[in-house]
Every structure is written in C-alpha cells, then in structure tokens.
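Overview (structure and organization)
The primary structure of each chain is shown beneath.
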Amino acid sequence: MNSHLVWLFAYSIGLLALGTWIARRIRTSNDFFVAGRRLGPGLLFSTMLAANIGAGSTIGATGLGYRDGLSAMWWVFSAGIGSMFLAFWIGPAMRRVAAEHDLRTVGEYLELRYGVGVRTTIAALLWVGSIFILAGQLIAVSWILNVAAGVPKAFGCILAGVLVTVYFAAGGLLSSAYVNMVQLTVKAIGFALAIPFALKASGGWAVVRNLQPTADYWNPLQGGESGLVYLAMLGPAFIVAPGLIQKIYGARDDRTVRIGVGLNGVALMIYAFVPVVLGMMARVQFPDLAQPELALPTLFMFGVPAFVGALGLAAVFSAELSSADAVLFSLTTSLAQDFYKRFLNPEASDAQLLRVTRMTAVVGGTAGVAIALVAAGVVAALSIFYTIMGVSLFVPIIAGLYSRRATSTDVMAAIIAGIGVVGGWRVFYGGATINGITPAMGGLACAITAYLVVYTIRRLSGAVVPIDRVHPQYKEK
C-alpha cells in the first residue's frame, strides 16, 4: 500500500480515538453545543484557527496562487481582517448575550432579537449554504487522496464524510476543540517544513520570483480573477459566520474572545502568504496541471522529499477535516436547536436533543458528500456559501447588536434584497464580476440599502417601536 496513504490512515484512526475519548466527558447538550462555556483562550484560538484554515485556505488558496499569483493572498487575508472585527467588536457582545440568555445557536439570538420569522429564514438559508461549504472540504480531501494514492474522487469524499461525522457526532464542540489542537499542531509543523524544501526543489526564490505566466501575476491587488474583491465576500462572512460565533458562545469570558479570536486573526493574516507561495512553487515545478486545485497535493507528493510530503499531506488533511467538523457543528446544532427543539419538540430532554443532533450529523454529512460528488471544485463550492452567509447575516447581527429600534421588518427587507440580488446575479450573469463589482459586493450593498430605506420609511411614518416594547436586552437600565 502507498506509504502516504498508510500514514493518513493511521493519522485518521488517531483523530477518531481522541475524539471518542474526549466524548466521554459529554454529559449534557450544553457540553455538546457550547463546551459548557468553559473554553479558555488557548482552546478557543486553536479551534477557531483550525476551522479557518480549511479547504479554501489550503487546496483552494494554493490553486488560486498557482493560477493568479500574489493577489490570491486576499482569500485568506480577508478572513483575517474579518476575524479581527469579530474578536474586538462582534464576538464579545454576542458572547455576553448568549451567556445571559443561555443561547446555543445564532438562530436563537435572531429569534431573541427579531422573532421566529427571521430565525427560520436565516436558518433555512444557512442549512443550504452549509452543505456547500461542507462539500468543499470533502472535495479537498478527495484531491489529496487522489494524488497520494489514486483514490477516486467519489470514494475520497465518502471516506472524509464518514471520518468527520463520526468524531464530531461523538462529542460535539468539546471533542472538536481538542482534536483541532492536534490538527493545528500538525498543520504548523507540516507547512513550516514544506516551504524551505519546496523552495529548494523549485530552484530558489530567484527562480520563483522570475515566474511570469501572466502580466499581473505579481500584482498584489488584482491578478486574474483574484484580488481585493475577496474582501467584500470573505470579510463580512467571517465577522458573522454562525459556526465561528457558536464557538465563541463556548468561551468563558470576553477576555478569552479578544485573545483567542484576535490571535486567530493575526495568524490568518500571516498565513495568507503561505499557500500563495506554495502555489507559485508548484507552478515552477509542475506548470501544466489540468486542475489548479491539484497544485498543493501534487507539490507534496512529487515536489519535496517523501517524509516532508507525508507530513505536508497530513497537514492539509488536518486542515480540511477541521473545517469540515466546524461546518457540521454549525449545521447540525442549528437543525437540532432551531428546527427540532423549536418546532417539533419544545420539551425535548437533553438525551433526546443529543440523539437528534447526532442523527442530523449523519444526515448533514451524507448531504455534504452528495453535493461534493457533483460540485466543480473547492473554491466554487465555498464561494456560494460565503456569499449567502455575508449578505443574509451581516445586517441582522450588526443591527441587532447596535440598533435598539431595528425590527424584523427592517432586517427581512435586507435579507430578501441581498439574497435576491445574489440569486439574480447568478442566474442572469453566471456570478461573473461586472465592472469590478462581484455578486457578494452587490448583494451586501443592496441589503444595507434596503435596511436603511425601510427603517427610514418606518420612522418617518411614525411606526416607531416604543421603548417599552424593545427587548429587555436593549432597554436602558
């Protein structure tokens, strides 16, 4: 059997063993959903960064660097910028509200602030979007297994789906947090070793720097389809990402959020250049790849010494699994809490809720595999999710936290306008950029505009929410 495949198989067994061992500490749904609200800065940092360095930040970003050059760094750098806003602006406020009202999902916050209609609408949108991002992670794993051992894409997607579903379903956020620490360590060591060996095999920096497949390959702001445009798609999405906010719900205090999430943002901005440089090195050594997203696994298989390649593949494998479990966490907890407990069985016991959550993990993992089998690639799948999340969630969360008089009417107008523009853009223009404007930029701008217009009309017409009808969370004490 291929030595790289043996190593990845053994590593997978180790992750499963750790996840199921930690799961012995799960006693209640509170432990499963928010880790008992006892995560410290170290665990929060590792589980956030592990979730953020996933398929898009490894396989996807390296493929973009291979194809478009330096401007591809905005894919990850934008996530870092969004994470800094989350750390010092949105995150602490959301954690306080969640702790005060025992919230476990973003959907519960939206109902607390606006009512069940907004909660249901957002939850449904995010269920669809989450399936696409989960599919993106599974596709990335399949690329690794395909290059490493010739494993067909379908089998690779199924294997990854089973692995992630089993260790997440066992212990929820608590298991994921500890498994993510191991995965993050493997990522750090793998990439740190890979860069110097790949650079040497590529002939040194002078050779890489002379690479000029396109005229704008070294333009930091725009090269090919990559560039600063990613900031509009990924920045807002990482400020309001439900999976990340729900991890913040597990933090023990605001200081933990500022330190853990802030360090995660700094790490992302530094790491942003790593996959891009690796993509460039892959282009030097393998200039004729049919699929750019094969650049990273190909480099680790054939462009560095065997032991470095094995560790590098394990690092990428870790990246995809850690992001996949974060998505599965967001999807299944929302299905269990926002749908099952809210509508089907409001009196569900802890045991029933845990059982349903684990069942929905299996259903969600299966749906992710199904989409992965037909999706074009990692970046294509992830772009859909990030766009939906940014345009639908940004206005409701920001307005909910910082405008006492925002109502469900105002934010529903924003959601409908944003999603409507993005959907129409994709139907009529195929999601292409028009005059420098992307679907994410257009959708977010229309969402904000719709909110401001409806809010202003409502205020001018005299339909102002009296202070005694504002949710207690927002009343002056």
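Residues numbered from 1 in each chain as written. Predicted model: local features only at pLDDT ≥ 70, side-chain atom pairs only at ≥ 80, totals over all residues. Heavy atoms only, no water.

A separate point is the overall build of the chain. The number of helices and strands found in the chain is 19 helices and two strands. Taken over 477 residues, the chain has a buried fraction of 60%. Of the contacts formed within the chain by residues at least 6 apart in sequence, a portion of 84% connects residues at least 24 apart. Total accessible area on the chain is roughly 17500 Å²; 68% of this is exposed by carbon and sulfur atoms. (Helix = DSSP H or I, 4+ residues; strand = E, 2+ residues; numbered from the N terminus. Buried < 20%, exposed > 50% of the residue type's maximum accessible area, 1.4 Å probe, protein only. Contact = heavy atoms within 4.5 Å. Areas by Shrake-Rupley, 256 points an atom, 1.4 Å probe, with all protein chains shown as cover.)

Count 3.6 residues to each turn of an α-helix, and residues three or four apart come out pointing the same way. If you check helix H7 (residues 116-149), its first and last C-alpha atoms are 49 Å apart, about what 34 residues at 1.5 Å a residue would give, namely 50 Å. One or two steps after H7, the chain reaches Gly150, where phi turns positive at roughly 70°. (Expected span 1.5 Å × (residues − 1).)

Once that is clear, we can look at the environment of Leu263. With respect to the helices, strands and loops of the structure, Leu263 is situated in helix H12 (residues 254-271). Of the residues examined, Leu263 reaches a relative accessible area of 47% and is grouped as partly exposed. Linking Leu263 and Leu44, residues 219 residues apart in sequence, is a C-alpha distance of 9.9 Å. Dropping the residues within four chain positions of it, Leu263 is found in contact with Phe45 and Arg258.

Side chains that carry opposite charge are capable of pairing whenever their charged atoms lie near each other. Across all of its chains, the model carries eight salt bridges by this definition. In this structure, Asp254 engages Arg96 in a salt bridge whose closest nitrogen and oxygen atoms are separated by 2.4 Å. One end of the pair, Asp254, is in helix H12; the other, Arg96, is in helix H5 (residues 74-101), and 158 residues separate them in sequence. According to the relative accessible area criterion, Asp254 is buried, its value standing at 13%. Classification of Arg96 as partly exposed rests on a relative accessible area of 42%. Between Arg119 and Asp338 there is a salt bridge whose closest N-O contact spans 2.6 Å. Note that Arg119 is positioned in helix H7 and Asp338 in helix H15 (residues 306-344), a separation of 219 residues in sequence. (Salt bridge = Lys/Arg side-chain N within 4 Å of Asp/Glu carboxyl O.)

A separate point is the packing of helix H18 (residues 408-429) against helix H19 (residues 439-460). Following both chains from N to C, one finds H18 and H19 inclined at 150°, their axes separated by 7 Å at the closest point. In terms of orientation, H18 lies roughly antiparallel with respect to H19. The two elements H18 and H19 cross, and the hand of that crossing is right-handed. Across the interface between the two elements, Thr409, Asp410, Val411, Ala413, Ala414, Ala417, Gly418, Val421, Val422 and Trp425 from H18 touch Pro439, Gly442, Gly443, Cys446, Ala447, Ala450, Tyr451, Val454, Tyr455 and Arg458 from H19. The residue makeup of the contact of H18 with H19, split by class, is 14 nonpolar, four polar and two charged. (Axes fitted to C-alpha atoms, helices over the stretch in contact; angles between N-to-C directions. Parallel < 35°, antiparallel > 145°, perpendicular 65-115°, else oblique. Left-handed = near helix turned anticlockwise from the far one by under 90°. Nonpolar A, V, L, I, M, F, W, Y, C, P; charged D, E, K, R; others polar.)

Here the focus is the confidence of the model for the chain. Looking at the chain, the pLDDT average stands at 84 and 88% of residues meet or exceed 70. Counting interchain partners and residues more than four positions distant, the pLDDT-below-50 stretch residues 466-477 has 21 contacts. (pLDDT = per-residue confidence, 0-100.)

Here the structure, examined in full by the defined rule, presents 12 aromatic pairs. A connected cluster of aromatic rings, assembled from ring pairs, spans Trp74, Phe77 and Phe273. Looking at Arg283, its charged tip hangs above the ring of Tyr66, at a distance of 5.2 Å from the centre. When the ring centre of Phe343 is taken as reference, the NZ or CZ atom of Arg342 above it lies at 5.2 Å. (Phe/Tyr/Trp six-rings, centres within 6.5 Å; stacked < 30°, edge-to-face > 60°. Lys NZ or Arg CZ within 6 Å of the ring centre and 35° of its normal.)

Next up on the list: helix H13 (residues 273-285). In a regular helix each residue adds 1.5 Å, so 13 residues correspond to 18 Å; H13 covers 19 Å between its end C-alpha atoms and thus fits that length. Buried within H13 are the following residues: Val274, Pro275, Val276, Leu278, Gly279, Met280, Met281, Ala282 and Arg283.

So, on to the side chain of Ser71. The topology assignment puts Ser71 in the loop between helix H4 (56-68) and H5. With relative accessibility at 0%, the residue Ser71 sits in the buried group. Polar contacts involving the side chain of Ser71 include one to the main-chain amide nitrogen of Gly223, which spans 3.0 Å. Apart from the residues lying within four places of it in its own chain, the contact partners of Ser71 are Asn219, Pro220, Leu221, Gln222, Gly223, Ser226 and Gly227. (Polar contact = N/O pair within 3.5 Å; in protein donor to acceptor, adjacent residues only side chain to side chain.)

The next point concerns unusual backbone geometry. For Asp102, which is not glycine, the phi dihedral falls at a positive 55°. For Asp102, the location among the structural elements is in the loop between H5 and helix H6 (106-114). Under the relative-accessibility criterion, Asp102 is labelled partly exposed at 42%.

Let us now look at a nonpolar patch on the surface. Residues Val116, Phe339, Phe343 and Leu344 make up a contiguous nonpolar surface patch of about 350 Å² in total accessible area. In terms of residues, the nonpolar patch owes the most to one element, H15, which gives three residues. Take Phe339: it is sitting in helix H15. (Patch = residues over 30% accessible without salt bridge, like charges linked within 9 Å, V, L, I, M, F, W, Y side chains within 5 Å.)

Turning next to empty space enclosed by the protein. Taken as a whole and assessed by the stated rule, the structure comprises two cavities of 30 Å³ or more. The space that makes up the largest cavity amounts to roughly 250 Å³. Lining the largest cavity are 22 residues, and of these Ala51, Ile133, Val327, Phe385 and Tyr386 sit closest to its centre. Here the lining of the largest cavity is built from residues that sort into 13 nonpolar, nine polar and no charged. Reported here for the second largest cavity is a volume of approximately 100 Å³. The wall of the second largest cavity is formed by 15 residues, among which Ala123, Leu126, Pro242, Ser334 and Asp338 lie closest to the centre. (1 Å grid on protein atoms, 1.4 Å probe; cavity = no way out; pocket = protein on both sides within 12 Å on 5 of 7 lines; lining within 4 Å. Points joined across faces, edges and corners; volume = space filled by probe spheres on them.)

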